[in-house]
2 protein chains.
Amino acid sequence: MPKLAGLLLVNIGQLLTLRAPVTGLRRSASLSEIGIIEDAAVLCVGGKIVSLGTTKEALRDPWLKKNRKKITEIDCGGRVVLPGFVDSHTHPVFTQPRLVDFEKRIAGAGYEEIAEAGGGIRSSIDGVRRASKAALAGKVLGALRDLAKHGTTTVEAKSGYGLSLESELKSLEAIRAAAKQWPGTVVPTFLGAHVVPPEYRGRSREYVEIVCKEMMPAVAKGKLAGFVDVFCDRGAFSAEETAHIFGAAAESGLGIRAHMGQLSETRIEPFLQFRPTSLDHMDNVNEADLPALAASDTVATLVPGANYFLGLSQYPDARRLIAAGVAVALATDYNPGTSPTISMPMAMSLACTHMKMSPAEAIAAATINGAWALRLADRKGSVEPGKDADLAVFDVEDYREIPYWFGVNRCVQTIIGGVAGC
Amino acid sequence: MPKLAGLLLVNIGQLLTLRAPVTGLRRSASLSEIGIIEDAAVLCVGGKIVSLGTTKEALRDPWLKKNRKKITEIDCGGRVVLPGFVDSHTHPVFTQPRLVDFEKRIAGAGYEEIAEAGGGIRSSIDGVRRASKAALAGKVLGALRDLAKHGTTTVEAKSGYGLSLESELKSLEAIRAAAKQWPGTVVPTFLGAHVVPPEYRGRSREYVEIVCKEMMPAVAKGKLAGFVDVFCDRGAFSAEETAHIFGAAAESGLGIRAHMGQLSETRIEPFLQFRPTSLDHMDNVNEADLPALAASDTVATLVPGANYFLGLSQYPDARRLIAAGVAVALATDYNPGTSPTISMPMAMSLACTHMKMSPAEAIAAATINGAWALRLADRKGSVEPGKDADLAVFDVEDYREIPYWFGVNRCVQTIIGGVAGC
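Not measured: the values here are computed from a predicted model.

> Give me the lowdown on the overall build of chain A, citing residues and values where you can.
Regarding its fold elements, chain A presents 16 helices and 16 strands. Computed over C-alpha atoms, the radius of gyration of chain A comes to 21 Å, within 12% of the 22 Å expected from 2.2 N^0.38 for 422 residues, which places it in the range of a compact globule. Overall, the C-alpha framework of chain A stretches about 70 × 45 × 45 Å when taken along its three principal axes. Taken over 422 residues, chain A has a buried fraction of 61%. Summarising the internal contacts of chain A: among those between residues at least 6 apart in sequence, 72% fall at separations of at least 24. For chain A, the exposed area adds up to about 15300 Å²; of that, 51% sits on carbon and sulfur atoms. With 46 positive and 46 negative side-chain charges, chain A shows a separation of 7 Å between the mean positions of the two kinds.

> Requested: an account of the sheet that holds strand E13 (residues 328-330) of chain A, with residues and values cited.
Residues and elements named next belong to chain A. Spatial ordering of the open sheet is given by E6-E7-E8-E9-E10-E11-E12-E13, a layout of eight strands whose pairing is parallel. Two strands close off the open sheet at either side, each with one partner strand: strand E6 (85-87) and E13. Ignoring strand direction, the axes of neighbouring strands in this sheet form an average angle of 25 degrees. Two strands pair when backbone bridges link them, and strand E9 (residues 227-232) and strand E10 (residues 255-260) are joined in this way by six bridges, in the parallel orientation. Counterpart to Val228 in the pairing with E10 is Ile256. Against the sheet, helix H8 (residues 204-221) makes contact with strand E8 (185-193) and E9, and its axis sits at roughly 150 degrees relative to E8, the strand it touches most.

> I'd like a description of the pattern of salt bridges, backed by residues and values.
This model, assessed by the stated rule, comprises 46 salt bridges over all chains. With its nearest N and O atoms 2.7 Å apart, the salt bridge here joins Asp101 of chain A to Arg98 of chain A. Residue class for Asp101 of chain A comes out buried when judged on its relative accessible area of 3%. Two residues, Arg400 of chain B and Glu103 of chain A, come together in a salt bridge whose shortest N-O distance is 2.6 Å. One end of the pair, Arg400 of chain B, is in the loop between strand E14 (391-394) and helix H16 (401-404); the other, Glu103 of chain A, is in helix H3 (residues 99-106), on a second chain. The class for Arg400 of chain B is buried, based on a relative accessible area of 18%. The class of Glu103 of chain A is partly exposed, set by a relative accessible area of 24%. The network of salt bridges with common partners includes Lys48, Arg379, Lys380, Asp388 and Asp390 of chain A.

> Please provide a residue-by-residue account of the pairing of strand E11 (residues 278-281) of chain B, values included.
Residue and element names in this part refer to chain B. Two strands pair when backbone bridges link them, and strand E10 (residues 255-260) and E11 are joined in this way by four bridges, in the parallel orientation. By the bridge assignment for E11, Met260 is matched with His281. Regarding topology, helix H10 (residues 290-295) serves as the crossover connection from E11 to the parallel strand E12 (residues 299-302), and that connection is right-handed.

> Break down helix H9 (residues 239-251) of chain A for me, citing the residues and quoting the values.
One full turn of an α-helix is made of 3.6 residues, so residues set three or four places apart face in the same direction. Residue and element names in this part refer to chain A. Between its first and last C-alpha atoms H9 spans 18 Å; for 13 residues at 1.5 Å apiece the expected length is 18 Å, and the two agree. Within the sequence span of H9, burial applies to Glu241, Thr242, Ile245, Phe246, Ala248 and Ala249. Each buried residue of H9 sits inside an arc of 165 degrees when the element is viewed along its axis, so together they form one side. When the buried face of H9 is taken as reference, the exposed residues oriented beyond 90 degrees from it are Glu240 and Glu251. On its buried side, H9 packs onto E8, H8, E9 and E10. Backbone geometry just downstream of H9 places Gly253 in the positive-phi region, at approximately 75 degrees.

> Got a sec to walk through the relation of the copies chain B and chain A? Specific residues and values, please.
For these two chains of identical sequence, chain B goes onto chain A by a turn of 180 degrees and a shift of 0.0 Å along the axis, with RMSD 0.0 Å. The transformation relating the two chain copies, once decomposed into turn and shift, fits a two-fold axis. Of the C-alpha atoms belonging to chain B, the one lying closest to the rotation axis is found on Gly407 of chain B, 2.2 Å away. Take the interface residues of chain B: 100% of them recur as interface residues in chain A, which is what a same-surface contact looks like.

> For the interface of chain B and chain A, give the residues involved together with the corresponding values.
With 46 residues of chain B at the interface, the matching set in chain A holds 46 residues. When chain B packs against chain A, the two sides together hide about 3900 Å² of surface, and 67% of this comes from carbon and sulfur. Per-residue buried area on chain B facing chain A is highest for Tyr308, Tyr404 and Phe406 of chain B; these three make up 22% of the total on that side. Between chain B and chain A we count two salt bridges in total. Broken down by secondary-structure element, the contributors of at least two residues to the side of chain B that touches chain A are helix H3 (99-106), helix H11 (304-309), helix H13 (344-355) and H16 of chain B. Ranked by the residues each element gives to the side of chain B that touches chain A, the list is headed by H13 of chain B, at six residues. Split by residue class, the side of chain B that touches chain A holds 25 nonpolar, 13 polar and eight charged.

> Describe the pairing of strand E5 (residues 80-83) of chain B, with residues and values.
Sheet topology places strand E1 (residues 6-16) of chain B next to E5 of chain B; two bridges connect them, and they run parallel. Residue Gln14 of chain B lies in a different strand from E5 of chain B, and its bridge partner there is Val80 of chain B.

> Can you tell me about the packing of aromatic side chains, naming the residues and giving the values?
A ring pair, where both rings are aromatic, is described by two values, the distance of the centres and the angle of the planes. On inspection of all chains with the given rule, the structure shows 25 aromatic pairs over all chains. Taken together, a centroid distance of 5.6 Å and an interplanar angle of 70 degrees make the contact between Phe246 of chain A and Phe271 of chain A edge-to-face. With Phe246 of chain A in helix H9 and Phe271 of chain A in the loop between E10 and strand E11 (278-281), this residue pair connects regions lying 25 residues apart in the sequence. We classify Phe246 of chain A as buried; its relative accessible area is 0%. Relative to Tyr308 of chain B, the ring of Phe406 of chain A lies with its centre 4.8 Å away and its plane at 40 degrees, an arrangement referred to as tilted. On the criterion of chain membership, the pair formed by Phe406 of chain A in the loop between helix H16 (401-404) and strand E15 (411-416) and Tyr308 of chain B in helix H11 is interchain, its members lying in two chains. Ring-pair connections join several aromatic residues into one group, and the members of that group are Phe102, Tyr308, Phe309, Tyr404, Trp405 and Phe406 of chain A together with Phe102, Tyr308, Phe309, Tyr404, Trp405 and Phe406 of chain B. One Lys or Arg, Arg257 of chain A, reaches over the ring of Phe227 of chain A and ends 4.6 Å from the middle of that ring.

> Any chance you could break down the packing of helix H7 (residues 165-180) of chain A against H8 of chain A for me, citing the residues and the numbers?
All names here are of chain A. Interaxial distance between H7 and H8 falls to 10 Å at its minimum, and their mutual angle equals 25 degrees. Looking at the two axes, H7 sits roughly parallel to H8. Between H7 and H8 lies a crossing whose hand is right-handed. Across the interface between the two elements, Leu165, Glu168, Leu169 and Leu172 of H7 pack against Glu214, Met215, Ala218 and Val219 of H8. For the contact of H7 with H8, the class distribution of residues is six nonpolar, no polar and two charged.

About the criteria used
Residues numbered from 1 in each chain as written. Chains lettered and ligands numbered in written order. Predicted model: local features only at pLDDT ≥ 70, side-chain atom pairs only at ≥ 80, totals over all residues. Heavy atoms only, no water. Helix = DSSP H or I, 4+ residues; strand = E, 2+ residues; numbered from the N terminus. Rg over C-alpha atoms; globule rule 2.2 N^0.38 Å. Buried < 20%, exposed > 50% of the residue type's maximum accessible area, 1.4 Å probe, protein only. Contact = heavy atoms within 4.5 Å. Areas by Shrake-Rupley, 256 points an atom, 1.4 Å probe, with all protein chains shown as cover. Lys, Arg positive; Asp, Glu negative; His and termini not counted. Charge placed at Lys NZ, Arg CZ, Asp CG, Glu CD. Pairing = 2+ DSSP bridges. Axes fitted to C-alpha atoms, helices over the stretch in contact; angles between N-to-C directions. Salt bridge = Lys/Arg side-chain N within 4 Å of Asp/Glu carboxyl O. Right-handed = clockwise from strand over helix to strand, strands pointing away. Expected span 1.5 Å × (residues − 1). Arc of directions from axis to C-beta. Least-squares fit on C-alpha atoms with pLDDT ≥ 70 in both. Buried area = accessible area lost by both parts, 1.4 Å probe. Nonpolar A, V, L, I, M, F, W, Y, C, P; charged D, E, K, R; others polar. Phe/Tyr/Trp six-rings, centres within 6.5 Å; stacked < 30°, edge-to-face > 60°. Lys NZ or Arg CZ within 6 Å of the ring centre and 35° of its normal. Parallel < 35°, antiparallel > 145°, perpendicular 65-115°, else oblique. Left-handed = near helix turned anticlockwise from the far one by under 90°.

Structure follows, in C-alpha cells:
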C-alpha cells in the first residue's frame, strides 16, 4: 500500500504551537503565551499541518485509525517540537572565513589595520567577485544544510559581497541555485547597498545611482530577490541615500528592509512611510521613534551574534523595545566578518543571557516574529492547521533547555514540508 | 590477517602537535608556537602515539609499508587534527537542568529570590541526595559522551552536590562507574567544600571538620578522588577554612585545587605553599600575587562559560595573567547553575572574543595547559611519541576556525587511546 505524503508525530513532550492567542495581523515578542500542548501529536499531509492535539486524541481519530498504515509515524519520545526557526537575516554568499580579521581584532587592531592586513569586507568582496556562481552556490547550500541541522527551515539570504552588477546578480543566482537543492524556504534579498565598493570610494552618490538604476531593475526583472536591504549607518549609507534606495525599491515592486542603528543612531520615523518589513540590529534607537515603530508593521530584528563575536559588552536593548510594544525577531546575522554562526539556538542563548529575553520570548522571536519579518507569517512560524509542515525536534524535555544548554546543538530532527530529514 | 591495535591518520591538513619548544616542566598559554605540521600523518599503536611527520614521510616508512594491511588508516582529507581537549573543571554529577534559576535570573531575580522559588544550588543538592548511584552515573556518562563528541578526551569531574558523607561518596562512585564505561580519562575530584549545606547553615566550621575528618579519609580510603577542591569565596569558604582543608588534603595524600576569586578577591600567595595544581575562575586576582603565581607550578584555569551564562560583561583578565607569565588553562565549568555547556570550542570562542586570547593561546590552554592543570602532561595534551593517542578531528581547514565558527560543533571524530569513535 503506498504511503500518503503524510507524517504523524506522536508522544511530543511539549509541542510549542505559537498559535495566535487572538486573531490579528501581527504578534509581539512580548507574547509569553507560546501555546504549549503537552503529550501532543501533529498530523502533516501534503506538506501542510492538518491537525494537532494530544497523542491520545490522535490515536482515537477515526480518519487516522483508517489511514494509519499509509502514514509515516515518528515517536518523539517526550521530546520538544516547535515550528522550524525562521532566520530572517543572513549573509551566506561568501567564499572564506575571515580569520585574519578574527585574529587581528583579538590583538587589538582596528578596522583600518585589519584592512591593511588583507582582511575586512574587501577580502570577502574580492573572494565573491573571483568565484564562480557554482562555487558560491555550493557555499550557500552548505550553510543551508547546516542551518537545517540546527532547526532552521526558513532563511533570508542576502547578496552584498559582490557590489557590482555582475557580482550581485551572480550572488543572487547562487542563492537561487542553492535554494533549489534545499527543501526549506529561502527568501533572497538584494543588498547592493551593503557598503560603497572600493572603486567608488568617495563617490557614494554615484554608486547609489548604479544600485538604483542598474542593479535593482535587473534584480527585479530576473525575479532574483523579494527584498532590498540597505546598510544605513556611519561608514555605509546615509539616511538620505537610504530613503532614495527605499523609493527606488518601492518603484521596482520589491519589499524593503534595512540594517539600522548598529554603529550609530539614525532616526527611524521618517522611514516608516516606506513600510519596511524589518529594521535590523537596532543597537541604537531614539526613544522618540518607539511609539511610531510599535504602531507600525515593522519588526525589529535583533542579531546578538554580531555583538558577541565583536567582543562587545553592550547588546541591543530588547527589553526597551518589547516594553514599547515593538515586535522583536531574532536572527543569526550569519556572515564571515562579524557573526560566523548559523545557530539560532546560539542567538537565543545570547538573547536570554545578554538581552534578558525570556526563553518564551526568544522562541517567539525566532519563529513567528521571524516569519513576520519576512511577511511569511501566513505560512510559517507557528504550528497551526493550514500552515507549512516545517518543524524542529529538540532532544530536551522542556523548551527552556533550547537556549539553556549553550554552545551545543540539541536539534535531532528537522521536518520540512512534512518530510523528515537531517 | 588480524589488525594490529594500530591507527594511521594521513592527509591531515594541519596537525597541531603542541610539542614542547624546549624541554621543561611546564608550558605557558603565552606559547604562540603550537607546533603545526602541514599535510601530516600520525601513527598510533597500542593506544600510544608512535610517530608523526608528513604524509609523504609516513607513506615511505619501511615499517609502515610492511605492516600497512594490519593498520587501520583514516584519510583526514585536509582537516585539522589536534590533541583531544583536556577539560580540567566540570561538575557533572547532577540530575536536572536548573531552568527555574535560568528564567528567574533573566527576569532580574537575585540569588535569594531564586532559592525561594525552589532553585539555586539547593535544588541540585536535593536532586543528588534523592538520586540512586546508577541514575547519577547515567547522567555523568551522558555528559562524558557529549564531551567526546565535541573533542574532549580527558575530563576532570567533581562531586559537590551531595554535601553529606553518603551523598559525596555516592557522587564519586557514580563518577567512577561512568568512567568505567567511557574510553577517555576521567580525573575525579572531591568537592565536599562546595558550599555549606543547608543543615549546617551558620555552622561552617563544624561542616569543615566533617569534610576533613569524615569525608576526606573515606574518599582517600576508597581511592575515589585524586584531588580535593574548595570553593574559596564570599558566601562559601573563607581563606582560613580553605587553608585548613588544604592541610587535611595534603595529609590524606590527595592533590589540591580550588575555586578562587570568582566573586571576590582572596590573596593567593599564602596558599602556594600547599602547591595547588590549579586555581580556577580567577576573575579577581591581586596584582601582588602574580609574580609568585607565575613562579609556581600552579595553573590558572579560566572558565568563561560561567561569566557568559550569568550575563556578566566582565571576564577574567587572561591577558594580564599571560603577561605576568602565569600558565593559563581553559575549561567548561560544566554545571547546571552557572555554565551548562560541555563544549570546549565554546569556551575557546569566549576566550578569543571576550578575553582576547589568540586562537593559538586558546588551543594551548584547552590541551597541554589543561593537562598541566591535572598533572597529566606526561601523558596528555600534546601529540608526541609516547603520549596517549587521544586526538580530535575537526572539519575545518585552519585551526583558527575552531573558535571562529561559534555555537556549532565542527568536531567530526574523536580518537581515544588510538581507537576512533564518536
